[in-house]
Amino acid sequence: MKNLVYILNGPNLNLLGKRQTDIYGSKNLKDVEQLCDDLAHKNGYDIFFGQTNAEHELINWIHEAREKACAIIINPAGYSHTSVAILDALHAFEGPVAEVHISDIKAREKFRHFSYVSLRADKEVIGEGVTGYLTALEYVISQAK
Ligand code: CA2
């Protein structure tokens, strides 16, 4: 349990690398998973890497992480800006939580500037591209040690 990090991705991130590459870059989600997996293994950690377009599935994974994981990294995508339910689920998780946004949400439309998840996140990584997942992973590993 202590060596497992849940890395959760919200709606439309399955399209990463296929559309809007000017905003999100050209790497796809499989590439991101591989990068995270490599970094985790170098540090003696395993990852669960999931993407879903369904809010309830993100919530169920967060509940599951309470039993199985030492930390959560989450890019809630569009749900960042709307979901009190995901925030509530994260409040029930005791370990470190890092929130990732590939793009700089503060520099985009006003409705993206606020994230409910940021109210629980111990760290926010914003606008670093997909490298932000690695920054987040380094952070949660540093917290767990
Ligand atoms: O910058 C991020 O990581 C976001 O969480 C991405 C979300 C957006 O709603 C947030 O405001 C910021 C969108 C994810 C959709 O990703 C796509 C990737 C390629 C093509 C279409 C959508």
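Presented here is an overview of the structure given in this document. (Residues numbered from 1 in each chain as written. Predicted model: local features only at pLDDT ≥ 70, side-chain atom pairs only at ≥ 80, totals over all residues. Heavy atoms only, no water.)

## Section: the site of the ligand
- Taken together, 17 residues form the shell around the ligand, and within it Asn-75, His-81, Ile-102, Ser-103 and Arg-112 come nearest.
- With respect to the ligand, the side chain of Asn-75 contributes an N or O atom lying 2.9 Å from an oxygen atom.
- The separation between an oxygen atom of the ligand and a polar side-chain atom of Ser-103 is 2.6 Å.
- For the ligand, the protein covers 94% of the area, taking 510 Å² as the surface of the free molecule.
- Judged by the proximity of its atoms to the pocket grid, the ligand belongs to the largest pocket.
- Across the shell around the ligand, the residue classes break down as eight nonpolar, seven polar and two charged. (Near = heavy atom within 4 Å. Polar contact = N/O pair within 3.5 Å; in protein donor to acceptor, adjacent residues only side chain to side chain. Areas by Shrake-Rupley, 256 points an atom, 1.4 Å probe, with all protein chains shown as cover. 1 Å grid on protein atoms, 1.4 Å probe; cavity = no way out; pocket = protein on both sides within 12 Å on 5 of 7 lines; lining within 4 Å. Sits in = over half its atoms within 2 Å of the grid points. Nonpolar A, V, L, I, M, F, W, Y, C, P; charged D, E, K, R; others polar.)

## As for helix H4 (residues 84–91)
- Taken residue by residue, H4 has Ile-86, Leu-87, Ala-89 and Leu-90 as its buried positions. Looking down the long axis of H4, one finds its buried residues gathered within 160° of arc, a one-sided arrangement.
- Check the buried side of H4 and you find it contacts helix H3 (55–68), strand S3 (71–75) and strand S4 (97–101). (Buried < 20%, exposed > 50% of the residue type's maximum accessible area, 1.4 Å probe, protein only. Helix = DSSP H or I, 4+ residues; strand = E, 2+ residues; numbered from the N terminus. Arc of directions from axis to C-beta. Contact = heavy atoms within 4.5 Å.)

## Quick look at the packing of aromatic side chains
- This model, assessed by the stated rule, comprises three aromatic pairs.
- Look at Tyr-6 and Phe-48: their rings are 4.7 Å apart centre to centre, the planes differ by 35°, and that puts the pair in the tilted class. With a gap of 42 residues between them, Tyr-6 in strand S1 (residues 4–9) and Phe-48 in strand S2 (residues 46–51) connect regions that are remote in the sequence.
- Among the residues examined, Tyr-6 registers a relative accessible area of 2% and is labelled buried.
- A ring pair is formed by Phe-48 and Trp-61, whose centres lie 5.3 Å apart and whose planes are at 70°; its orientation type is edge-to-face. Note that Phe-48 is positioned in strand S2 and Trp-61 in helix H3, a separation of 13 residues in sequence.
- Exposure remark for Trp-61: the relative accessible area of 13% places this residue in the buried category. (Phe/Tyr/Trp six-rings, centres within 6.5 Å; stacked < 30°, edge-to-face > 60°.)

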